[in-house]
Amino acid sequence: MKKFLKLFIMAVSILILSKTPAYAGDGSFAGYNGLARNEYGWWKVENGKVNFDYTGLAKNENGWFYVSGGKVNFDYTGLAKNQYGWFYVSGGKVNFNYTGLAKNQYGWWRVESGKVDFAYTGLAKNENGWFYLHGGKVDFSYTGPASNENGEFFVKNGNIKFGYSGYSKGNNTVYIVENGKVIRSIYSNVDPAKPMIALTYDDGPYSPVTSRILDALEAVGGRATFFNVGNRIGSYQDVAKRAVQIGCSISNHTWDHTSLTSLGSSSIVSEINGCDNAIKNYTGETSLLVRPVGGAVNATVKASVDAPLILWSVDTLDWKNRNASSVYSKVIGHVQDGDIVLMHDLYTSTAEASEKMIPELVREGYQLVTVEELAYYKGYTLKDGQTYTCFR
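Since this is a predicted model, take the numbers as computed values, not measurements. (Residues numbered from 1 in each chain as written. Predicted model: local features only at pLDDT ≥ 70, side-chain atom pairs only at ≥ 80, totals over all residues. Heavy atoms only, no water.)

*Asks:* So what about the overall build of the protein chain? Which residues, and what values?
*Replies:* Looking only at helices and strands, the protein chain has 10 helices and 29 strands in total. Radius of gyration (C-alpha) of the protein chain: 33 Å, far over the 21 Å computed for a compact globule of 392 residues. Overall, the C-alpha framework of the protein chain stretches about 120 × 45 × 35 Å when taken along its three principal axes. A total of 392 residues make up the protein chain; the buried ones form 49% of that total. For the protein chain, contacts bridging at least 24 residues in sequence account for 57% of all contacts bridging at least 6. Taken as a whole, the protein chain presents about 18800 Å² of accessible surface, with 49% of it coming from carbon and sulfur. (Helix = DSSP H or I, 4+ residues; strand = E, 2+ residues; numbered from the N terminus. Rg over C-alpha atoms; globule rule 2.2 N^0.38 Å. Buried < 20%, exposed > 50% of the residue type's maximum accessible area, 1.4 Å probe, protein only. Contact = heavy atoms within 4.5 Å. Areas by Shrake-Rupley, 256 points an atom, 1.4 Å probe, with all protein chains shown as cover.)

Here is the structure:
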């Protein structure tokens, strides 16, 4: 009897100190379910008895805890589940403040406020980098674009490749990537076995002319590259946006049509950046190419421009002759697979020539593509500061 009273008093003392019913071992707290402790730790109790077979989550007034073999494991960090889902545990306790990635035996998962978010699809990061998730789980089989609030990025095997620049394929689309970020997608419906050329237009935009060229391109599913002058884009932003919408490329022709060879390095950079910013601000596109005014290039230009320098192989001289028939005849019968054709979307005669020329080129079997597309499908990797006249 004395022994029983001693045990009872000890059990009551533990109850008072811990404010949690503890399993006394004598049936005194039969019916209790929850966590209770003794000198060996905290335990999962079911109907007054420690369940040494239990592994999972259990709670008391201090939160939810990870239990293994019936005992709270304060060394555990990882994922664990209960009837409400999977949760992130740190130091044995569910951390409802945690948002990030965590793993279990099934893979890496997106955790939002302590709980695995199985509805999440997008990008998330941990100490090893940024990863693509689908249905809450990192998808290491995924290659293609994915976006967050900072833009669209190139993912390979589930991981953003921040050091990568070049072309990438994913989701049946070709992407242009710069330091891991997707700059632009290019059309994947081009047949590499068929001839293709790049029509290019300088000095615009100018809506009365540019819109006519776009109409002709759109009618045949063709695309072109427009080398815009930066200080003109704001005045004709609608037509520039339309060009982007139908798949054309908007690229850099300096801020105010200044010959770059007349400038020092800092002024060259200013000219290029001014035009790049205008293109981005008004169209949302990132310019990838530069056409120097007059095709003039020297060592300073090459060293200062962080973009490929695109020249031409067919010069229509449309700026000089202002004659639609002359422009047409410079192209039809003379252009070859891989050529880059130079025109200017400032002149009505160029619009007239384009309206006749574009359907004729298609009838002759040419695919009308952007400069980026032409380079890709002809097997060229464009390099900053290098000049290109064609891709034959």
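Next comes the rest of the description.
*Asks:* Describe the packing of aromatic side chains, naming the residues involved and giving the relevant values.
*Replies:* One pass over the full model with this rule turns up 16 aromatic pairs. With centroids separated by 6.2 Å and ring planes inclined at 80°, the aromatic side chains of Trp 64 and Tyr 84 adopt a geometry described as edge-to-face. Linking Trp 64 in strand 5 (residues 63–68) with Tyr 84 in the loop between strand 7 (78–82) and strand 8 (85–90), this pair joins segments that are 20 residues apart in sequence. Taking 5.7 Å as the distance between ring centres and 90° as the angle between the ring planes, the aromatic pair formed by Tyr 206 and Tyr 236 counts as edge-to-face. A residue pair is termed long-range when its members are at least 10 positions apart, and Tyr 206 in the loop between strand 22 (196–202) and helix 2 (207–220) and Tyr 236 in the loop between helix 3 (230–233) and helix 4 (237–245) qualify at 30 residues. Take Tyr 206: its relative accessible area is 28%, and that puts it in the partly exposed class. Given a relative accessible area of 23%, Tyr 236 falls into the partly exposed group. (Phe/Tyr/Trp six-rings, centres within 6.5 Å; stacked < 30°, edge-to-face > 60°.)

*Asks:* Please give an account of the side chain of Ser 349 that cites residues and values.
*Replies:* Among the structural elements, Ser 349 can be located in helix 9 (residues 348–363). Here Ser 349 falls in the buried class, since its relative accessible area comes to 11%. With residues up to four places along the chain from it excluded, the contact list for Ser 349 reads Arg 322, Asn 323 and Ala 324.

*Asks:* Please provide a residue-by-residue account of the nonpolar core, values included.
*Replies:* With 37 residues, the main nonpolar core has Leu 199, Tyr 201, Leu 214, Leu 217, Phe 226, Met 357 and Leu 361 as its most contacted residues. Among the secondary structure elements, those contributing two or more residues to this core are strand 22, helix 2, helix 4, helix 5 (265–283), helix 8 (324–331), strand 27 (340–344) and helix 9. In this view, Leu 361 contacts Ile 197, Leu 199, Val 331, Ile 332, Val 335, Tyr 366 and Leu 368; residues no more than four positions away in its chain are not counted. Among the nonpolar cores identified, the runner-up in size contains 22 residues, and Tyr 167, Phe 227, Val 369 and Leu 374 belong to it. (Core = buried A, V, L, I, M, F, W, Y, C linked by side-chain atoms within 4.5 Å.)

*Asks:* How would you explain the pairing of strand 27 if you had to name every residue and give the values?
*Replies:* Most of strand 27 is tucked away: 5 of the 5 residues are buried. Burial along strand 27 is two-sided: Ile 340, Leu 342 and His 344 and Val 341 and Met 343, pointing in opposite directions, are all buried. Strand direction decides the pairing type here: strand 22 and strand 27, joined by 5 bridges, are parallel. Opposite Asp 202, over in strand 27, you have His 344 as the bridge partner. Note that strand 26 (residues 314–315) and strand 27 share 2 bridges and pair parallel. Residue pairing for strand 27: Val 314 is matched across the bridge by Val 341. (Pairing = 2+ DSSP bridges.)

*Asks:* For the pattern of salt bridges, give the residues involved together with the corresponding values.
*Replies:* Under the defined criterion, the tally for this structure stands at 9 salt bridges. One salt bridge connects Asp 337 with Lys 378, and the closest N-O pair in it is separated by 2.6 Å. Of this pair, Asp 337 sits in the loop between helix 8 and strand 27 while Lys 378 is found in the loop between helix 10 (371–377) and strand 29 (387–388), placing the two residues 41 residues apart along the sequence. The salt bridge partner of Asp 339 is Arg 392, with a shortest N-O separation of 2.4 Å. Highlighted residues: Asp 339 in the loop between helix 8 and strand 27 and Arg 392 in the segment after strand 29, separated in sequence by 53 residues. Residues joined by salt bridges that share partners form a network here, namely Asp 215, Glu 218 and Arg 242. (Salt bridge = Lys/Arg side-chain N within 4 Å of Asp/Glu carboxyl O.)

*Asks:* Let's hear about the confidence of the model for the protein chain: which residues, and what values?
*Replies:* In the predicted model, the protein chain carries a mean pLDDT of 90, and the fraction of residues at 70 or more is 91%. This stretch, residues 4–24, has a pLDDT under 50; its non-local contacts, to residues over four places away or in other chains, come to 31 contacts. (pLDDT = per-residue confidence, 0-100.)

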